[in-house]
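Descriptive analysis of the structure
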Amino acid sequence: GGIIYFTDNFEDRNQTKEMLTNVQEFSKIPLFLSVDEEGGIVSRLGSNEVMGITKHPPMREIGDTGDTQKAYDVGVTLATELKELGFNMDFAPVADVLVNENNTEIGNRSFGTDAKNVSAMVESIVKGMEENGVSATLKHFPGHGSTTLNSHDGTSESTRTFEEIKETEFL
């Protein structure tokens, strides 16, 4: 079991550490304590200056460099900073390939449009996170990068064939 925390749950570093420590101690089983901390527009902690967490750029900027070491370094930083607060899971990274450039939900949250590059970036950031004690959660794939509708507002569907998905998103 576990709990996901959002921006409204955080006042400052001390309150957050105490909250996470207490909830873990109150539980009879170890909990997943998680947050959405992707970088870019999805930064529950990094967007709050009092938290002292690195505000990473959108992952598209990392993907555009083609440098998997940068993605790995982001993973290391995310994990190190989150773990210090008491988190052990991050709902990140976005593993979608941005197939539809008009997609507004995934947009620059994706590492990009090239499936091989996105795959390498996702692998690297996950490795950086998991080697440093925080479980990564791949989201929203397969196929959300090819849609146009925000799935939070309704049903989002992809018309891509299995073969197309196998050649891109499944990488």
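Structure shown above.
For the structure given in this document, a descriptive report is provided here. (Residues numbered from 1 in each chain as written. Predicted model: local features only at pLDDT ≥ 70, side-chain atom pairs only at ≥ 80, totals over all residues. Heavy atoms only, no water.)

Details of the sheet that holds strand S1 (residues 2-5)
The 4 strands are arranged S1-S2-S5-S6 in an open sheet whose pairing can be described as parallel. One side of each edge strand has no neighbouring strand; the edge strands of this open sheet are S1 and strand S6 (135-136). Pairing analysis gives 2 bridges linking strand S5 (residues 89-90) to S6, with the strands arranged parallel. For aspartate 90, the partnering residue across the bridge sits in S6 and is alanine 136. (Pairing = 2+ DSSP bridges. Helix = DSSP H or I, 4+ residues; strand = E, 2+ residues; numbered from the N terminus.)

A word on the nonpolar core
Within the largest apolar cluster, 32 residues are counted, with the highest numbers of intra-cluster contacts made by Tyr5, Phe10, Leu45, Phe87, Phe111 and Ile125. At the level of elements, helix H1 (13-26), strand S2 (32-35), helix H2 (59-65), helix H3 (68-85) and helix H4 (115-130) are the ones that each hand at least two residues to this core. The biggest single contributor to this core is H4, with 7 residues. Among all residues touching phenylalanine 10, those that are not within four sequence positions of it are Tyr5, Gln15, Thr16, Met19, Val35, Arg44, Leu45, Asn48, Met51 and Phe87. (Core = buried A, V, L, I, M, F, W, Y, C linked by side-chain atoms within 4.5 Å. Buried < 20%, exposed > 50% of the residue type's maximum accessible area, 1.4 Å probe, protein only. Contact = heavy atoms within 4.5 Å.)

Remarks on unusual backbone geometry
That bond from alanine 92 to proline 93 is cis: its omega, 5°, falls within 30 degrees of zero. Mapped onto the elements of the fold, proline 93 is located in the loop between S5 and H4.

Things to note about the side chain of serine 110
The topology assignment puts serine 110 in the loop between S5 and H4. Residue contacts for serine 110: discarding those within four places in its chain leaves Met59, Arg60, Val94, Asp96, Val97, Leu98 and Val118.

Regarding the pairing of S1
In terms of strand pairing, S1 meets S2 through 4 bridges, oriented parallel. Counted as the bridge partner of isoleucine 3 is leucine 33 from S2.

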